[in-house]
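Descriptive structure summary
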Amino acid sequence: LKPMVIIDTKSGLAWTRNANLLGKQMTNGQADKFIAKLNSQKYGGYSNWRMPRMKDFDDSFDFAIWSKDMEAKNRRMAKRMGIAGLRSGYYFTS
C-alpha cells in the first residue's frame, strides 16, 4: 500500500491521493514542471507520473456536463476512491 497514491482498480492507473497537491491552480507549463518534480522525487514510489489523458478522467469521473449534481457525484466518487482535494474546472489533460 502506498499511502500517497491510490490505484484505480478499473484502469490500473495510480493517482495522487490529493488531487490538489499545491492547493492552487497552475498553468500548463507549471503543471509540466510539477510533474517533472514528482518524477525526480519519486513521489509515492513512482517516477513515471504524467498528465492524465481525457480518457483517464472519463473512466473515473464525469466532467463532460457541468452541474451542481455532477459535481456532487464526482466528489462522492473521489471520496470512495480515497482522493481528496478534487476541484472542478481546472484540470489539464494530455
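Below you will find a few notes about this structure. (Residues numbered from 1 in each chain as written. Predicted model: local features only at pLDDT ≥ 70, side-chain atom pairs only at ≥ 80, totals over all residues. Heavy atoms only, no water.)

**Here we look at the packing of aromatic side chains**
Per the stated rule, a full pass over the model turns up two aromatic pairs. Consider the rings of Tyr46 and Trp49, whose centres lie 5.9 Å apart with planes at 75 degrees: the pair is edge-to-face. Classification of Trp49 as buried rests on a relative accessible area of 12%. Three or more aromatic residues joined by ring pairs make a cluster, and in this case those are Tyr43, Tyr46 and Trp49. (Phe/Tyr/Trp six-rings, centres within 6.5 Å; stacked < 30°, edge-to-face > 60°. Buried < 20%, exposed > 50% of the residue type's maximum accessible area, 1.4 Å probe, protein only.)

**A few points about the side chain of Asn39**
Summarising the element assignment, Asn39 is placed in helix α1 (residues 28-40). We classify Asn39 as buried; its relative accessible area is 17%. Looking at Asn39, its side chain comes within polar contact range of the main-chain nitrogen of Trp49, at 2.5 Å. Setting aside its immediate chain neighbours within four residues, Asn39 contacts Tyr46, Ser47, Asn48 and Trp49. (Helix = DSSP H or I, 4+ residues; strand = E, 2+ residues; numbered from the N terminus. Polar contact = N/O pair within 3.5 Å; in protein donor to acceptor, adjacent residues only side chain to side chain. Contact = heavy atoms within 4.5 Å.)

**Comments concerning the nonpolar core**
Within the largest apolar cluster, eight residues are counted, these being Val5, Ala31, Phe34, Ile35, Leu38, Tyr43, Trp49 and Met51. A total of four residues in this core trace back to one element, the largest contributor, which is α1. Ile6, Phe57, Ala78 and Ile83 belong to the second largest nonpolar core, which has six residues in total. (Core = buried A, V, L, I, M, F, W, Y, C linked by side-chain atoms within 4.5 Å.)

**Here's the deal with α1**
The first and last C-alpha atoms of α1 sit 19 Å apart over 13 residues, in line with the 18 Å expected at 1.5 Å per residue. All of the buried residues in α1 are Ala31, Phe34, Ile35, Leu38 and Asn39. In an axial view of α1, the angular spread of the buried residues amounts to 140 degrees, which keeps them on one side of the axis. Structural note: α1 exposes Lys33 and Ser40 on the side pointing more than 90 degrees away from its buried face. Phi for Lys42, located one or two positions after α1, is positive at around 50 degrees. (Expected span 1.5 Å × (residues − 1). Arc of directions from axis to C-beta.)

These figures capture arrangement, not role.
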